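# Structural features, examined
Single-letter residue listing:
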Amino acid sequence: MSTLTVSVVTPDGPVLEGEYEMVSCKAESGELGILPGHIPMVAPLSISAIRLKGEGDSNRIAVSGGFLEVRTKTVTILAQSAERPSEIDVDRARMAKERAEKRLQNKQDQMDFKRAEMALKRAINRLDVYENNF
Ligand code: ATP
């Protein structure tokens, strides 16, 4: 079966590069499934899990937004942050979740509320990817 060369890159450097048969991700416009030969496109990504299906090996990665660029044989994910399940610090994500939940109880400050909402989404996404619940 033909494959796509997938690379996941963050401002801190490359996270993963490999050959995969399918990439599933959540763009801001909805779920996307990319197979070899997909039309070229660029799409903004949600805070979500990327699923990479390979011949023997599959991977999932928690990303905190960014962009997906699809070309005929390549998929590039430029993510604000990206972690494999083994790289996720669960205690840190749980603490971030609690902190964000506390901040969300204070609805006075709109700006702070929005930031807390995003922090909560990032923490829940990391916990879901770690626990494989997406
Ligand atoms: P925190 O409040 O714990 O810093 P955050 O959601 O604000 O969480 P980000 O700004 O998204 O953190 O990420 C900053 C850096 O820390 C990135 O390199 C990201 O990969 C890493 N990171 C954040 N949380 C975790 C985690 N729970 N496990 C592993 N790496 C993490």
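Our subject is the structure listed above.
This write-up is about the structure you can find in this document. Nothing here was measured: the structure is a model prediction, and the numbers come from that model. (Residues numbered from 1 in each chain as written. Predicted model: local features only at pLDDT ≥ 70, side-chain atom pairs only at ≥ 80, totals over all residues. Heavy atoms only, no water.)

## Some points on the environment of Asp112
Put simply, the test is: A run of H or I in DSSP counts as a helix once it spans at least four residues, and a run of E counts as a strand once it spans at least two, with each numbered from the N terminus. Note on exposure labels: buried denotes an accessible area under 20% of the residue type's maximum, exposed denotes more than 50%, and partly exposed covers the range between, all computed with a 1.4 Å probe on protein chains only.
Structurally, Asp112 is set in helix H2 (residues 110–131). Assessed through its relative accessible area of 22%, Asp112 is described here as partly exposed. Between the alpha carbons of Asp112 and Val9 there is a distance of 28 Å; along the sequence they are 103 residues apart.

## As for helix H1 (residues 90–105)
Since there are 3.6 residues in each turn of an α-helix, residues three or four apart along the chain are aligned in direction. What counts is decided by this rule: Here a helix's expected span is defined as the number of its residues, less one, multiplied by 1.5 Å. Here the arc refers to the directions that run from the helix axis out to each C-beta atom. In what follows, residue pairs with any heavy atoms lying within 4.5 Å of each other are defined as contacts. Throughout this description, a polar contact denotes any pair of N or O atoms lying within 3.5 Å of each other; where both atoms belong to protein, one of them has to be capable of donating a hydrogen while the other can accept it, and for residues adjacent in sequence the pair is counted only when both atoms sit in side chains.
Over its 16 residues, H1 extends 23 Å from the first C-alpha to the last, a length consistent with the 22 Å expected when each residue adds 1.5 Å. All of the buried residues in H1 are Val90, Ala93, Ala96, Ala100 and Leu104. An end-on view of H1 places all buried positions within 120° of arc, on one side of the element. Opposite the buried face of H1, by more than 90 degrees, sit the exposed residues Arg92, Met95, Lys102 and Gln105. Residues of H1 that are buried in the fold lie against H2. Its side-chain oxygen placed 3.2 Å from the backbone nitrogen of Asp91, Asp89 serves as the N-cap of H1.

Fair warning: the whole summary comes from geometry, so function is off the table for now.
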